[in-house]
Amino acid sequence: MPCRLKVPQNLMFGKWKYEKPDGSPVFIAFRSSTKKSVQYDDVPEYKDRLNLSENYTLSISNARISDEKRFVCMLVTEDNVFEAPTIVKVFKQPSKPEIVSKAPFLETEQLKKLGDCISKDSYPDGNITWYRNGRVLQPLEGAVVIIFKNQMDPVTQLYTMTSSLEYKATKADLRIPFTCSVTYYGPSGQKTVDSEQAVFDIYYPTEQVTIEVLPPKNAIKEGDNITLECRGNGNPPPAEFLFYLPGQPEGIRSSNTYTLTDVRRNATGDYKCSLIDKRSMIASTAVTVHYLDLSLNPSGEVTKQIGDALPVSCTISASRNATVVWMKDNIRLRSSPSFSSLRYQDAGNYVCETALQEVEGLKKRESLTLVVEGKPQIKMTKKTDPSGLSKTIICHVEGFPKPAIQWTITGSGSVINQTEESPYVNGRYYSKIIISPEENVTLTCTAENQLERTVNSLNVSAISIPEHDEADEISDENREKVNDQAKLIVGIVVGLLLAALVAGVVYWLYMKKSKTASKHVNKDLGNLEENKKLEENNHKTEA
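Calculation criteria
Residues numbered from 1 in each chain as written. Predicted model: local features only at pLDDT ≥ 70, side-chain atom pairs only at ≥ 80, totals over all residues. Heavy atoms only, no water. Helix = DSSP H or I, 4+ residues; strand = E, 2+ residues; numbered from the N terminus. Polar contact = N/O pair within 3.5 Å; in protein donor to acceptor, adjacent residues only side chain to side chain. Contact = heavy atoms within 4.5 Å. Pairing = 2+ DSSP bridges. Axes fitted to C-alpha atoms, helices over the stretch in contact; angles between N-to-C directions. pLDDT = per-residue confidence, 0-100. Core = buried A, V, L, I, M, F, W, Y, C linked by side-chain atoms within 4.5 Å. Buried < 20%, exposed > 50% of the residue type's maximum accessible area, 1.4 Å probe, protein only. Disulfide = S-S within 2.5 Å.

Engineer: Please clarify how the side chain of Asn235 should be interpreted in this entry.
Structural biologist: For Asn235, the location among the structural elements is in the loop between β21 (226–232) and β22 (241–244). Here the side chain of Asn235 touches Asp201 through a polar contact of 2.8 Å, side chain to side chain. Here the side chain of Asn235 touches Ile202 through a polar contact of 2.5 Å, landing on its backbone oxygen. With residues near it in sequence (within four places) discarded, Asn235 still touches Leu174, Asp201, Ile202, Tyr203 and Tyr204.

Structure follows, in structure tokens:
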């Protein structure tokens, strides 16, 4: 505090004092102008807190509320005393306001204490204001009640401000921040300090119930486990519900979930749930349990004889349209198999597979292993080598199980190769030997399987005797090629016959026209022989 006096030239000393509430002075500091010494009076509350400078400025450290007084600077000369007062005001910023005793939750339509806003150690005292989402809360009967209390500590003389808020919440207050602030005065004027935000859980009753299937699936199939979850939109949500299954009028009391395991197709229907204490508040959902049945007749391993008929059916029963695929030996077929007369190539592993495309994992398949059996059938052929030195005898065998082939030769002749066999395909294969017979011989081919033993013989002339060769057996693949070629040849022949027919008709019309014209030709054209030649020439030209 500077001394607000001009220091006179004849100054003897300077002093500082303060005035009690009753106006009596208390001297606290003295400084001589000549000795330059400073003396501090024995005042306990200012011990070791004062400092008086040469220009008579008084400094007080560690300010206290009790320092709020009227101080006076005194300059004394031989004939006069000069005084200048200074009034000291002390301020203490309050602590940051804090919301305490907070309610764990608020309930709609109920006036309930939200909490207390406290700010401590203020001087002078301040004021507290409540805010909802940044807007000032004003008292409102039955909805907003604010009670303010101010207390001063008798020792420190500091103030503690407390403001209690009672509040009737609505659903709109969910996740809305509440704050409070303290307004106080300092040396530079009015200031405000805000508290941290406080957000309260708002309890409100359930107004709507919903039900759904967990986990969510595009489609449910037989064998699945399904969980029904019932939820209420209240806060806190209901902990228990009544679940109603299709065809069961009585509800099943459970938590908010109910699980059905290994469901079957008869579980399809409407599922409902309601509150325990308010059964009229109910929700429902439709559940469809998809199924897929496949019946293959016949199935498993089936053994039939060649030439037999075998009807095959794959019957599907499903909750919606299903796709059907036939496979034979892992190769997809264009259509379902049908056998009016079984062939060896019909044998194999057939699979009927069906699926519901919209239902993940819903597939069924049945298999048929078809075995086509047949007694051995033999056909023998012979062919002379172009060199004329050997003959090849072939024994063509058809049958299943695979027949074993044995050769027997009656007569003399060298066997060049007796072990060459073709692959066994579609119930057929052949064995051949090459011989150079010196005389006529008989070759016997024996084919045997579990069904029968078949024997066939072929007479072969000596190598020196020419004979007619027999054509080789045609394979299934080559037979198809031959059939195609035959069809082509038949087509060509039919085309030529049609062309010849047209040519004949044209020739007949031409001849008719020529005979009519010849009646009017001059007799000098020649005799009948010349006319005939002319007609023949005309016919050649027409052809």
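Engineer: Whenever I open this one, the sheet that holds strand β7 (residues 81–87) confuses me. Can you help?
Structural biologist: Within a sheet, each strand pairs with its neighbour through backbone hydrogen bonds, oriented either parallel or antiparallel. Across the sheet, five strands lie side by side as β3-β2-β1-β6-β7; this open sheet has antiparallel pairing. Edge positions in the sheet fall to β3 (38–40) and β7, since each of these pairs with one other strand and no more. Going across the sheet, the axis of each strand differs from the next one's by a mean of 20°, ignoring polarity. For strand β1 (residues 11–19) and strand β2 (residues 25–32), the ladder comprises seven bridges, and the chain directions are antiparallel. By the bridge assignment for β2, Gly14 is matched with Arg31.

Engineer: Explain the sheet that holds strand β26 (residues 282–287) to me, please; I cannot follow it from the model alone.
Structural biologist: Within the open sheet, the four strands sit side by side as β23-β22-β25-β26. Their pairing is antiparallel. If you trace the sheet from one side to the other, it starts and ends with β23 (252–254) and β26, each paired once. When strand polarity is set aside, the average angle formed by the axes of neighbouring strands in this sheet is 25°. Note that β22 and strand β25 (residues 269–275) share four bridges and pair antiparallel. Each bridged residue has a counterpart across the sheet, and for Tyr244 the counterpart in β25 is Lys272.

Engineer: What's the story with the confidence of the model for the protein chain in this structure? I'm lost.
Structural biologist: Across the protein chain, pLDDT averages 87, with 88% of residues at or above 70. This model gives residues 516–543 a pLDDT under 50, and the stretch forms six contacts once residues within four places in sequence are excluded.

Engineer: Which parts of the structure should I look at to understand the nonpolar core?
Structural biologist: Counting residues in each nonpolar core, the largest one holds 23 residues, and the members touching the most others are Leu106, Leu114, Trp130, Leu137, Leu165, Tyr167 and Phe200. For this core, the elements supplying multiple residues, two or more each, are β10 (111–122), β11 (127–132), β14 (159–168) and β15 (177–186). The element contributing the most residues to this core is β15, with four residues. If sequence neighbours within four positions are ignored, Leu106 has contacts with Lys113, Leu114, Tyr167, Ala169, Phe200, Asp201, Ile202 and Tyr203. Formed by 21 residues, the second largest nonpolar core is a distinct cluster that contains Cys3, Leu58, Cys73 and Leu75.

Engineer: Explain the state of the cysteines to me, please; I cannot follow it from the model alone.
Structural biologist: By definition, a disulfide links the sulfur atoms of two cysteine residues through a covalent bond. For the structure shown, the criterion picks out five disulfides. Paired by a disulfide, Cys230 and Cys273 hold their sulfur atoms 1.8 Å apart. Between Cys230 and Cys273 the sulfur-sulfur dihedral comes to about 70°; the bridge is accordingly right-handed. With Cys230 in strand β21 and Cys273 in strand β25, the pair connects residues that are 43 residues apart, well separated along the chain. Its relative accessible area of 1% is what places Cys230 among the buried residues.

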